[in-house]
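# Summary of structural features
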Amino acid sequence: MIASFIMEVETTGFGNRLDWGKREGMDGTNEAQDGDFPAVERSRLQEMLSLLGLETYQLQKLSLQDSLQISSDSMKNWAPQVPKDLPWNFLRKLQALNAEARNTTMVLDVPPDARPVEKESQMEEEIIYWDTADDISADIYSFSELPTPDTPVNPLDLLCALLLSSDSFLQQEIVVKMSLCQFALPLVLPDSENHYHTFLLWAMRGIVRTWWSQPPRGVGSFREDSVVLFRAPAFAFVRMEVSSNSKSQLLNAVLSPGHRQRDCFWHRDLNLGTNPREIADGLVEISWFLPSGREDLDIFPEPVAFLNLRGDIGSHWLQFKLLTEISSAVFILTDNISKKEYKLLYSMKGSATKYYFILSPYRGKRNTNLRFLNKLIPVLKMDHSHVLVKVSSTDSASFVRRVRSIVAHVARSPCRRLSLEEMANAARKLGLKVDEDCEECQRAKDRMERITRKIKDLDAYRRDELRLQGDPWRKAAQVEKELCQVQWAGDPPEKHRAELRHRLLELRMQQNGHDPAWGVQEFITGVSSPSLGEKQYFLRWMEWGLARVAQPRLRQPPETILTLRPKHCGAVDFSEALWPEPLGVEHFLREMGQFYEAESCLVEAGKLPAGQRRFAHFPGLALELLLRGLPLELIDGSTLSTPLRWVTGLLKELHIRLERRSRLVVLSALGVPGTGKSTLLNTMFGLRFATGRGCGPRGAFMQLITVAESFSQDLGCDHILVIDSGGLIGGTLTAAGERFELEASLATLIMGLSNVTVVSLAETRDIPPAILHAFLRLEKTGHMPNYQFVYQNLHEVSAPGPKPRERRQLLDQPSDVSRAAAQMEKQGDGIRTLADLAFCDPERQHIWHIPGLWHGVPPMAAVSLGYSEAIFELKRCLLENIRNGLSNQNKNIQQLIELVRRL
């Protein structure tokens, strides 16, 4: 039966040449089985690390903070010149979500006396691509020479070397960014030198994906979940010995709707020659297809995982064994079935996994293949439909449709469906290391589970466990605002001022009479851990654990919020009913802040001796989190107020910690929710501000970025404090409303603290009223930050930016909102346009147009290259303005503390 089937395909091919590449060579040319040639393997890994400049990061791993430092390279769109530039170039592009991060161009500056005469004025360029070992020399047993400083490095080797040199948190960041770029993700990381391979479960934890299940889009069909938790059928693609067909090209074709090719699994351009992998064989990659709810685009009606083993299964039997135990079906690409491989496959007898062969009989030993296939049919429970033949005359589109139909058929039938957590359990049983199994990570997870296990009802938990928030904090905040207004009123009655002080003192005494609840005490213990790693693990676990608890309440598709948007309005007016604030880490930190505030207030009033303070160390604990990359709340989103003592306590601790490196630039981003400001900051600087319409915290948050010492003198500062206004600023003008007055005051505070302000707009004329009021108020004081108005195209994939004349028109357009704002600030009709208001000079690029974020239709869309490049140009401009002194005078931390008090 198999013989006749192959003969039929050979004689009746479909007529079109397949353009997937001539041949996928023996991936394992440079790797023997575990235990063979250990000295050579160890040498290869160490030589690769040395070549890339990563050998110094084997004991002290490269951290996330190391990768985010601002340096002179942050302002250059440079190409790497030597292999040691490659890791930093990759990290920089990946941070910016650049779709070309996997295409590494190395420009080698050749000395003049070494250049050929005909190329004297040129530079030698080497272009390196992923999966460059799809074609390898036929001499599969010879070892290639290791790369030298002037030869290309395989990007898969670069990825593996970088992951092996990074700590768990940088690994996680790399994988999360790769996911946003729609790149295939590393699932099993090989380490041939130490003879173990790592299943990257922790690295995947940070990825949350959304999709629409069938039937087509509706509120009930929307899904959002962590990729480590949801179950999906998985299909593995592996190579046995030599295959004329490329796995990567086939996988990309299967995942690509229509004629638009997706390069999820990167492959080599055959015209560039051979670049064999040195350390990356044995890598297992994973990618998912996620439906959009659109029948014209969805290849499959449900999520489907695809796995790709780099290298030959004979050389990586452990990884292949894992794939057979976690996959619904395995596709084996080969030209030849040898006796060795036959025995290996025969050992799979009794497996529940379905097996499919993709053969190229023109290149193979036809009779030998038929003999072994006939023996394997009863063992692997196959029939003729499990053998696919692809020859040069096979029509590529028809072949892809056939593979898709097999995948869809298997997915519809009862089959194995595992989550990544369940896959990790299978990996453990086979002896693979799981990155999440370290003691620090497990202790942190246990503590998180003890806390979240007690959260049954979010509102009840806030009321019973976070007792200092809610009404006590709102009342205290209101009294402090009244006290502040009275002090600025000129000559207020002393009696009224005394009454307010007495009321505030009573409220603070009530707060101080409480002890931290059990859950808060557990949280404090977690962030007080002497182990920095355990502390970081705990915070990440808390973020995910709390999100998991809140998920059923907050799960809703973006359209349910987008439909609330007025047709001609540039912003959504989020109200309490439409935007429930999730329970997050910030609530536990708010509780700590309120204990510190209450205690400090009593000490200032002489009601509590300083020696009896219990919470004086809380700002120091919070500072550690800020220094490790956690956004801290500057303005409380629930009360729209600033806990002054808590914030100044944090800044004092920061001043002590930074000592001589305390020069600061404050950069802020303002805009209504949903205009992409948080995503902009995260893409620009690699930050972790919450993103997503209608699901993030409402407060203003701050993060600290370190400037490299070698660049701080040139830039004029040692650190950049970045403030994200979060959900504080609304998009409507509620005349004389208390909410609007609060928004205007908070916008004034944020801009008043800032050297540089980015105003993010959803529409060209959509200037939030609160921000207009802040500009008016700051003009009176003479404190105007350097500002950049950023118009983000939220709907179209790409659109041309405004031309200079159009920019002038944007600035000169009269605005009803600006007139109303001027009248409320008692400036009459003197300000009619944005140009009058902000002294905008279109020639100095005060208005930016950022293309759409996505290239394609989510959830399978990647970040557009135009978005990434525009964000880089904006970042370069901001840093140039800071370096050239166009922003307000840079501050030290002591000056910032005083400015916070004054504002």
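Criteria and thresholds
- Residues numbered from 1 in each chain as written.
- Predicted model: local features only at pLDDT ≥ 70, side-chain atom pairs only at ≥ 80, totals over all residues.
- Heavy atoms only, no water.
- Helix = DSSP H or I, 4+ residues; strand = E, 2+ residues; numbered from the N terminus.
- Buried < 20%, exposed > 50% of the residue type's maximum accessible area, 1.4 Å probe, protein only.
- Contact = heavy atoms within 4.5 Å.
- Salt bridge = Lys/Arg side-chain N within 4 Å of Asp/Glu carboxyl O.
- Patch = residues over 30% accessible without salt bridge, like charges linked within 9 Å, V, L, I, M, F, W, Y side chains within 5 Å.
- Areas by Shrake-Rupley, 256 points an atom, 1.4 Å probe, with all protein chains shown as cover.
- Lys, Arg positive; Asp, Glu negative; His and termini not counted.
- Charge placed at Lys NZ, Arg CZ, Asp CG, Glu CD.
- UniProt positions renumbered as here; feature names shortened; annotations may be inferred.
- Pairing = 2+ DSSP bridges.
- Core = buried A, V, L, I, M, F, W, Y, C linked by side-chain atoms within 4.5 Å.
- pLDDT = per-residue confidence, 0-100.
- Phe/Tyr/Trp six-rings, centres within 6.5 Å; stacked < 30°, edge-to-face > 60°.
- Lys NZ or Arg CZ within 6 Å of the ring centre and 35° of its normal.
- Axes fitted to C-alpha atoms, helices over the stretch in contact; angles between N-to-C directions.
- Parallel < 35°, antiparallel > 145°, perpendicular 65-115°, else oblique.
- Nonpolar A, V, L, I, M, F, W, Y, C, P; charged D, E, K, R; others polar.

With that settled, consider the overall build of the protein chain. When its secondary structure is counted, the protein chain shows 32 helices and 23 strands. Expressed as a percentage of its 903 residues, the buried residues of the protein chain come to 59%. Here the contacts in the protein chain between residues at least 6 apart in sequence split such that 79% fall between residues at least 24 apart.

This paragraph deals with the pattern of salt bridges. With the rule as written, the count across this model stands at 38 salt bridges. Asp-471 serves as the salt-bridge partner of Arg-474, at 3.9 Å between the closest nitrogen and oxygen. On the criterion of helical spacing, the pair formed by Arg-474 and Asp-471 is a turn pair, its members being three residues apart in helix α16 (residues 471-487). Between Glu-633 and Arg-590 there is a salt bridge, with its nearest N and O atoms 2.7 Å apart. Of this pair, Glu-633 sits in strand β14 (residues 632-635) while Arg-590 sits in helix α21 (residues 585-604), and the two are 43 residues apart along the sequence. Residues Glu-633 and Arg-590 agree in their burial class; the two are buried. Via salt bridges that share partners, Glu-480, Arg-508, Glu-597, Glu-604 and Arg-645 belong to a single interconnected network.

Among the ten residues of helix α22 (residues 618-627), eight are classified as buried, and the element is accordingly described as predominantly covered. Listing the buried residues of α22 in full gives Phe-618, Pro-619, Gly-620, Leu-621, Ala-622, Leu-623, Leu-625 and Leu-626. Positive backbone phi, approximately 100 degrees, marks Gly-629, located one or two places after α22.

What follows is about a positive patch on the surface. Taken together, the side chains of Lys-339, Lys-343, Arg-371 and Lys-375 make up a positively charged region of the molecular surface. Secondary structure elements with two or more residues in the positive patch: α10 (339-346) and α11 (366-380). Tracing the chain through its elements places Arg-371 in helix α11.

Within this numbering scheme, the UniProt entry marks residues 434-461 as carrying the feature "coiled-coil region" (unreviewed entry). Helix makes up 64% of residues 434-461 and strand makes up 4%, while its end C-alpha atoms are separated by 34 Å.

Across the five residues that make up strand β3 (residues 185-189), a large majority, five, are buried. Strand direction decides the pairing type here: β3 and strand β8 (residues 284-289), joined by three bridges, are antiparallel. If you follow Val-188 over to β8, its bridge partner there is Val-284. Across two bridges, the pairing between β3 and strand β4 (residues 198-199) is antiparallel. Its bridge partner being in β4, Val-188 is matched across the sheet by Phe-199.

A cis amide bond links Pro-858 to the next residue, Pro-859, at an omega of 10 degrees. On the secondary structure map, Pro-859 appears in the loop between β21 (854-855) and β22 (862-863). The backbone of Glu-241 sits at a positive phi, close to 55 degrees, despite the residue not being glycine. With respect to the helices, strands and loops of the structure, Glu-241 is situated in the loop between β7 (234-239) and α8 (247-255). Given the relative accessible area of 24%, Glu-241 is considered partly exposed.

Ranked by internal contacts, the top residues of the largest apolar core, which has 153 residues, are Phe-306, Phe-357 and Ile-720. Apart from the residues lying within four places of it in its own chain, the contact partners of Phe-357 are Met-240, Ile-332, Thr-334, Ile-337, Leu-345, Leu-373, Leu-376, Leu-380, Met-382, His-386, Val-387 and Leu-388. Core analysis: the next-biggest nonpolar cluster, separate from the first, contains 84 residues, Val-520, Val-527, Leu-651 and Ala-774 among them.

Let's shift gears to the environment of Glu-534. When you line up the elements, Glu-534 lands in helix α19 (residues 532-554). With 93 residues separating them along the chain, Glu-534 and Cys-441 place their C-alpha atoms 6.2 Å apart. Aside from chain neighbours lying at most four places away, what touches Glu-534 is Glu-440, Arg-443, Ala-444 and Ser-529.

For the protein chain, the average pLDDT comes to 80, and 76% of its residues sit at 70 or higher. Scored below 50 in pLDDT, residues 557-579 shows 43 contacts in the model against residues more than four places distant or in partner chains. Low pLDDT, under 50, characterises residues 796-808; the predicted model gives this stretch 21 contacts beyond four residues in sequence or across chains.

Tallied over the full model, the rule gives 28 aromatic pairs. Taken together, a centroid distance of 5.7 Å and an interplanar angle of 80 degrees make the contact between Trp-541 and Trp-544 edge-to-face. With a gap of three residues between them, Trp-541 and Trp-544 both fall in helix α19, about one helical turn apart. By relative accessible area, Trp-541 is classed as buried at 3%. Accessibility expressed as a relative area gives 21% for Trp-544, which makes it partly exposed. Pairwise contacts between aromatic rings join Phe-235, Phe-237, Phe-289, Phe-300, Phe-306, Phe-331 and Tyr-356 into one cluster. The ring centre of Phe-372 lies 5.1 Å from the NZ or CZ of Arg-371, which sits over that ring. The positively charged end of Lys-454 is found above the aromatic ring belonging to Trp-518, 5.2 Å away from the centroid.

In terms of burial, β8 is largely enclosed, as six of its six residues are buried. Residues Val-284, Ile-286 and Trp-288 point to one face of β8 and Glu-285, Ser-287 and Phe-289 to the other, with burial holding for every one of them. Sheet analysis places β8 next to strand β9 (residues 304-312), joined by six bridges and oriented antiparallel. Each residue of the ladder has a partner; that of Phe-289, found in β9, is Val-304.

A word on the packing of α21 against helix α23 (residues 644-658). The description of two packed helices rests on the angle between their axes and on the distance between the axes. Two numbers describe how α21 lies on α23: the axes approach to 8 Å, and their chain directions differ by 100 degrees. When the axes of α21 and α23 are compared, the pair comes out roughly perpendicular. Residue-level inspection shows Leu-589, Met-592, Gly-593, Tyr-596, Glu-597, Ser-600, Cys-601 and Glu-604 of α21 in contact with α23, the latter providing Leu-644, Arg-645, Trp-646 and Gly-649. Tallied by class, residues from the contact of α21 with α23 come to six nonpolar, three polar and three charged.

By the criterion of burial, helix α4 (residues 86-95) is predominantly enclosed, with nine of the ten residues buried. Taken as a whole, α4 has its buried residues at Leu-86, Pro-87, Asn-89, Phe-90, Leu-91, Arg-92, Lys-93, Leu-94 and Gln-95. Leu-97 sits one or two positions beyond α4 and adopts a positive phi of about 55 degrees.

Ordered in space as β12-β11-β10-β7-β9-β8-β3-β4-β13, the nine strands form an open sheet in which the pairing is mixed. Edge strands, defined here as strands with exactly one partner in the open sheet, are β12 (387-389) and β13 (433-434). Contacting β11 (354-359) and β12, α11 runs over the sheet at an angle of about 160 degrees to β11.

Moving on, we get to the side chain of Lys-445. One can find Lys-445 in helix α14 (residues 439-452). Lacking a salt bridge, the buried Lys-445 has Glu-449 as its closest oppositely charged neighbour, with an N-O distance of 4.3 Å. In this structure, Lys-445 is in contact with Arg-205, Glu-436 and Trp-541, ignoring residues within four places of it in sequence.

A few words now on the environment of Ser-213. By the secondary structure assignment, Ser-213 is in the loop between β5 (208-212) and β6 (222-226). Classification of Ser-213 as buried rests on a relative accessible area of 17%. With 78 residues separating them in the primary sequence, Ser-213 and Pro-291 have C-alpha atoms 6.4 Å apart.

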